[in-house]
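Here's the letter readout for the chains.
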Amino acid sequence: MIDETFIKVADNAPLMLWVTDKNNKFVYFNKNWLSFRGKSMEEEISFDWNTSVYPQDISRVKKKVSRSFEDRKPYKIEYRIKRYDNTFRWIIESGNPQFEEEVGFTGFIGTCMDIHNIKELEKRKTEFITAASHELNTPLTSLTVYLQLMEEYFIHNGPANFKALSLGAMQQLKKITSLINQLLDMNKIHSGYFSYNWSEFPFHDVVTQVVEKFRMLYPERCIKYEAGHDSYIYGDFERLTQVIENLLSNAVKYSAPDTEVVVELREKDSNIILEVSDNGIGIDPAFHNKIFERFFRMPGPKAQTYPGMGMGLYLTRKIIEKHHGKIYVESKRNEFTKFYFKLPLLKTN
Ligand code: ADP
């Protein structure tokens, strides 16, 4: 596999690259890798994990690499490795098994990129969002209390349109509070501090509660839901409320006011399935996976006119997965969108 042409290409590639033989022994590193590591080929061939990889990352990387090697399957992993100046840098590594005609499996090729600066920026962004959200949350809580007090005082002796005005103000405050909470949740999920309160409850209760709330919030919209099953699940009531609210608010947001939004709850093979469908702008199939990514919003002038920050579906998927469930989307541009997820039912003996 390693002939002169390969070496020429590999040494001119902007990536760091290594090759192993079929026994998982390193046989080659390209120029970029060697200069990043500050090693000669002879030194690096006997790569020592314990002195090269960041102590906290060693077992995770070893496990992933050896499993992929045994299964001869590609892998991707981020970890910290020692650079020529003895500092540990984050890299992203893709390992790919190589097969040749007649010989079969010949080993792995790994390509790596230094992503340390990106990671640092990401960390700073996360810290900034958390700090900014907390700072915004405090005056917002006070503002809500002041508004409630004003409401109590003026409701009987204020101007005639006071009730409508204060209702409007309160709704806007709730929107900001919910956006800030979403930002905080995003960071908590990202850094592993998103907490759950587990209990048993009929799933139908969560759905009914959210549907009722949306019928009140959007009295002009037709939101169809036929109550039925009262099967129990084991989960976090608040987090699942958040999930259904996200799906319903998207259905309402991305469809015309005179169209229906349909919520359907079913049971199938010891799972409950919840569907939320609308006949709105739809989602191009090319974006069906992307929409669950952090901060992803559909490109295009039309999609960008809708308010939002691309956090809802990311949080939704994370919460569903924590409940051992799965979420799916089916959609056609300018015709319909259907999000549905399944969650395991509580086993009853
Ligand atoms: P947000 O709506 O705040 O932008 P989400 O994470 O909830 O963020 O959704 C991500 C993107 O997926 C949206 O920006 C939108 O482009 C698309 N999307 C989500 N739900 C729908 C829907 N029901 N109909 C059309 N597009 C949708």
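Residues numbered from 1 in each chain as written. Predicted model: local features only at pLDDT ≥ 70, side-chain atom pairs only at ≥ 80, totals over all residues. Heavy atoms only, no water.

Draft legend 1. A look at a nonpolar patch on the surface. Among the surface-exposed residues, Ile2, Ile7 and Val27 lie close enough to one another that they form a single nonpolar patch of about 190 Å² accessible area. Among the secondary structure elements, Ile7 is positioned in helix α1 (residues 4–12). The partly exposed category is assigned to Ile7, whose relative accessible area is 31%. (Patch = residues over 30% accessible without salt bridge, like charges linked within 9 Å, V, L, I, M, F, W, Y side chains within 5 Å. Areas by Shrake-Rupley, 256 points an atom, 1.4 Å probe, with all protein chains shown as cover. Salt bridge = Lys/Arg side-chain N within 4 Å of Asp/Glu carboxyl O. Helix = DSSP H or I, 4+ residues; strand = E, 2+ residues; numbered from the N terminus. Buried < 20%, exposed > 50% of the residue type's maximum accessible area, 1.4 Å probe, protein only.)

Draft legend 2. How the structure looks around the environment of Asn250. Structurally, Asn250 is set in helix α9 (residues 237–253). According to the relative accessible area criterion, Asn250 is buried, its value standing at 17%. Between the C-alpha atoms of Asn250 and Asn12, which are 238 residues apart in sequence, the distance is 48 Å.

Draft legend 3. Just the pattern of salt bridges, in detail. For the coordinates displayed, the defined rule picks out 20 salt bridges. Across the salt bridge formed by Glu293 and Lys290, the nearest N and O atoms sit 3.7 Å from each other. Judged by relative accessible area, Lys290 falls into the partly exposed class, the value being 35%. Connected through shared salt-bridge partners, Glu264, Arg266, Glu275, Glu330 and Lys338 make up one network.

Draft legend 4. The arrangement of unusual backbone geometry in detail. Backbone geometry at Phe295 places phi at a positive 60°, although glycine is not the residue there. With respect to the secondary-structure elements, Phe295 resides in the loop between β10 (271–278) and α10 (312–322). We classify Phe295 as partly exposed; its relative accessible area is 29%. Of note, His324 is a non-glycine position whose phi angle comes to about 60°, a positive value. Along the chain, His324 turns up in the loop between α10 and β11 (326–332). Given the relative accessible area of 69%, His324 is considered exposed.

Draft legend 5. Representation of α9. With 17 residues, α9 should cover 24 Å at 1.5 Å per step; its first-to-last C-alpha distance of 24 Å lies within 8% of that length. When you tally the buried positions in α9, you get 12 out of 17 residues, the bulk of the element. Restricting attention to buried positions, one finds in α9 the residues Arg239, Leu240, Thr241, Gln242, Val243, Ile244, Asn246, Leu247, Leu248, Asn250, Ala251 and Val252. Capping the start of α9, Asp236 holds a side-chain oxygen 2.9 Å from the backbone nitrogen of Glu238, two or three residues further along. (Expected span 1.5 Å × (residues − 1). Polar contact = N/O pair within 3.5 Å; in protein donor to acceptor, adjacent residues only side chain to side chain.)

Draft legend 6. Representation of the sheet that holds strand β5 (residues 104–114). In space, the five strands of this open sheet follow the order β2-β1-β5-β4-β3, with antiparallel pairing throughout. Each of the sheet's edge strands pairs with one partner strand only, and the pair in question is β2 (26–29) and β3 (75–82). Neighbour-to-neighbour, the strand axes of this sheet turn through a mean angle of 30°, independent of strand direction. Judged from the 10 bridges that link them, strand β4 (residues 88–100) and β5 form a sheet pairing that is antiparallel. Bridging across to β5, Glu100 finds its partner in Gly104. Seen against the sheet, α1 touches β1 (16–20), β2 and β5 and runs at an angle of roughly 60° to β2. Lying on the sheet, helix α6 (residues 116–157) is in contact with β3, β4 and β5; it crosses β4 at an angle near 130°. (Pairing = 2+ DSSP bridges. Axes fitted to C-alpha atoms, helices over the stretch in contact; angles between N-to-C directions. Contact = heavy atoms within 4.5 Å.)

Draft legend 7. A look at the packing of aromatic side chains. What the rule picks out here adds up to 24 aromatic pairs. For the pair Tyr54 and Phe88, a centre-to-centre distance of 5.1 Å together with 75° between the ring planes defines the contact as edge-to-face. With a gap of 34 residues between them, Tyr54 in the loop between α4 (49–52) and α5 (58–71) and Phe88 in strand β4 connect regions that are remote in the sequence. Arranged with centres 5.0 Å apart and planes meeting at 55°, the rings of Tyr254 and Tyr306 form a pair that is tilted. With Tyr254 in the loop between α9 and β9 (260–268) and Tyr306 in the loop between β10 and α10, this pair connects stretches of sequence that are 52 residues apart. Under the relative-accessibility criterion, Tyr254 is labelled partly exposed at 22%. (Phe/Tyr/Trp six-rings, centres within 6.5 Å; stacked < 30°, edge-to-face > 60°.)

Function cannot be read off these values alone, since they describe shape.
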